[in-house]
Amino acid sequence: EVMATQIMIISSVHIWNDTRILFREAETLSSHYNVELHAVSPFKRRNHNGVEVIGLPRFPRWARPASWIVLGWRAWRSSATVIHFHDPELLPLGVLLKFLGKKVIYDVHEDVYQDILQKVWLPKHLRVILAGIYRFWERLGDYCLSAIVAVTEKIASAFQNPRTVVIKNYPPLEYFKSIKPRDYQRVLDSPLRLVYVGSLNRNRGSTHIIEALSFLPSNFEYHLDVVGSFPEERGLESDIMSAVQPVAEHVTFHGRVEYPVAVEIMSRADIGLICTQPTVNDLSGLPLKLFEYMAAGLGVIVSDFPLWHQYVNDYPACELVDPTNPERIAEGIVELANSLHTHAGVLAEAVQRIIKRYNWESEGQKLLRLYSTLVF
C-alpha cells in the first residue's frame, strides 16, 4: 500500500503556503503518498488538500538555528522514508539525516554560491568565507544525498549527483482553468489594470516599478495591484512607501495572499509586470511569474534579458524593457496598453500554446518518477 509511505518536506525559511513547495510539489506528492509539510506558519497544524501542514514558529534571524534543531528533532523522530528540504542552511542537517539512514532530497531554488557573493550588505571578506563554507556543504551534499532537485538547468549543472532532476516552476493549470478570455477593447476606454505578484525586494525591481508610475502621462488612467510581502530588507519598505506617495491613490497593496487568491487578482488585470534586475541569479533564472501572467492571458512588461526572449518570442502582447530604468518601464506600459486591443484575436491562441508548453503537469510527473525510485 503506497499511501502508508511518509514524506516529510521541511523548510526553516519559506512560509507554509509557498507556491512551489505547497501548491506544486506537496499537492502533487499527496496524490500518491502521505505528505507532511513542516514550515513557518502562524498555526500549529492544519490539513490542506491532503497535505498535513505542521507549523514552525518564525524565529528572528539571530535565533534561526533553533528552527534547525526543531526540524532535525522532528525529522529524526518521524517515520518518514524521505526528507525533502528547501533551504541551503539545512544542508548540514540533510547530510546528518542521510547518515542516520533517511533518504534525503535537496531542493535548490537558486545559485546560492553566487547569491552569497553578491550580497552587497555583507563585507567582502565575509562573503567569500560564507560562500566557501556553503560550497563545502554543497559538494558534500552533492556526493552523499539521495537526490538533488533543481529549478533550472543552469542550477542543476553545478551538481554531479546521479539523481539530479530539473523541476521547473511552471503554473499549476487547475488554478488558471476558470479564467475567461478578457475583452481588450475595454482597455481603450477604462482604467488600465496593472498587477505585480511576488515578494517586494530590490532584485525584483519593486522600487523601479513604483517609480515608473510617476512617469506615466498625467491623463493616463490606471490602477496597480501589488500582491506580495516585504522581506527583511533594510530600508526597503520606507523606500517603496515614499516612492508611492505621489501616486498612492492608484496603488493597492494586498500583502501576501494564498495562491488561488493571487491568481484571482491576476485574472482581473490587463498587464502583469516583471522588472527583475540583472543579477547573476536572475539573468540565468526562470521568470516564473511570466508563465503565470501568460497563462492568465495578460499583456506582459518583462525585463529584456537575452535568455528570456525564447519564452516571449511567440507571445504577441509583450513589451521588453530595461528594468533598471523607471522611465523606460513607463514607456513600455503605455506602448503595450495602446496596442493590447490589436492582439485580442491572436492572444487566445498564444495563451493555449503557452499553457500546453509550460505547465506544472509534466514537471509534477518528473517529481513522481524521482520519488518512485526512492520509495520502495
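Source: prediction; values computed, not measured.

Q: Which parts of the structure should I look at to understand the pairing of strand E13 (residues 299–303)?
A: Look at any regular strand and the pattern is simple: side chains alternate between the two faces of the sheet. Counting buried residues in E13 gives 5 out of 5 residues, a clear majority hidden from the surface. Every second residue of E13 is oriented toward a common face, with Gly299, Ile301 and Ser303 on one face and Val300 and Val302 on the other, all of them buried. Across 4 bridges, the pairing between strand E12 (residues 271–274) and E13 is parallel. Directly across from glycine 272, in E13, lies its bridge partner valine 300. Note: E13 against strand E14 (residues 318–321), 4 bridges, orientation parallel. Across the sheet, valine 300 pairs through a bridge with cysteine 318, a residue of E14.

Q: Please explain the pairing of strand E9 (residues 192–197) as it appears in this structure.
A: Most of E9 is tucked away: 5 of the 6 residues are buried. Relative to strand E10 (residues 222–227), E9 runs parallel, the two sharing 6 bridges. Considered in E10, the bridge of leucine 194 is made with leucine 224. Since E9 and E10 lie parallel, the crossover through helix H7 (residues 206–213) that links them has a hand, and here it is right-handed. In terms of strand pairing, E9 meets E12 through 2 bridges, oriented parallel. Bridging across to E12, valine 195 finds its partner in glycine 272.

Q: Sorry, what's going on with the pattern of salt bridges here?
A: Pairs can form between side chains of opposite charge whenever their charged atoms are close. Within the structure shown, the criterion is met by 18 salt bridges. We note a salt bridge from glutamate 89 to arginine 64, for which the minimum N-O separation is 2.9 Å. Note that glutamate 89 is positioned in the loop between strand E5 (82–85) and helix H3 (91–99) and arginine 64 in helix H2 (residues 64–77), a separation of 25 residues in sequence. Of the charged contacts, one joins glutamate 292 and lysine 289 as a salt bridge, the two residues approaching to 3.4 Å between their closest N and O atoms. Of this pair, glutamate 292 and lysine 289 are both found in helix H11 (residues 288–295), 3 residues apart, which corresponds to roughly one turn of the helix. Both residues of the pair, glutamate 292 and lysine 289, count as buried.

Scoring rules and cut-offs
In every chain, residue numbers begin from 1 and rise along the written sequence. Residues qualify for local features only when their pLDDT is at least 70, as the model is predicted, and side-chain atom pairs are given and counted only at 80 or more; totals for whole chains, interfaces and linings, by contrast, use all residues. Water and hydrogen atoms were dropped before computing side-chain values, which therefore reflect all heavy atoms in the structure. When a residue's accessible area, from a 1.4 Å probe over protein chains only, is under 20% of the maximum for its type it is buried; when over 50% it is exposed; and in between it is partly exposed. What counts as a helix is a DSSP run of H or I of at least four residues, what counts as a strand is a run of E of at least two, and both are numbered from the N terminus. For two strands to count as paired, DSSP must find a minimum of two bridges between them. Note on handedness: a crossover is taken as right-handed if, strands pointing away from the viewer, the path from the first strand over the helix to the second is clockwise. One side-chain nitrogen of Lys or Arg within 4 Å of one carboxyl oxygen of Asp or Glu is enough to make a salt bridge.

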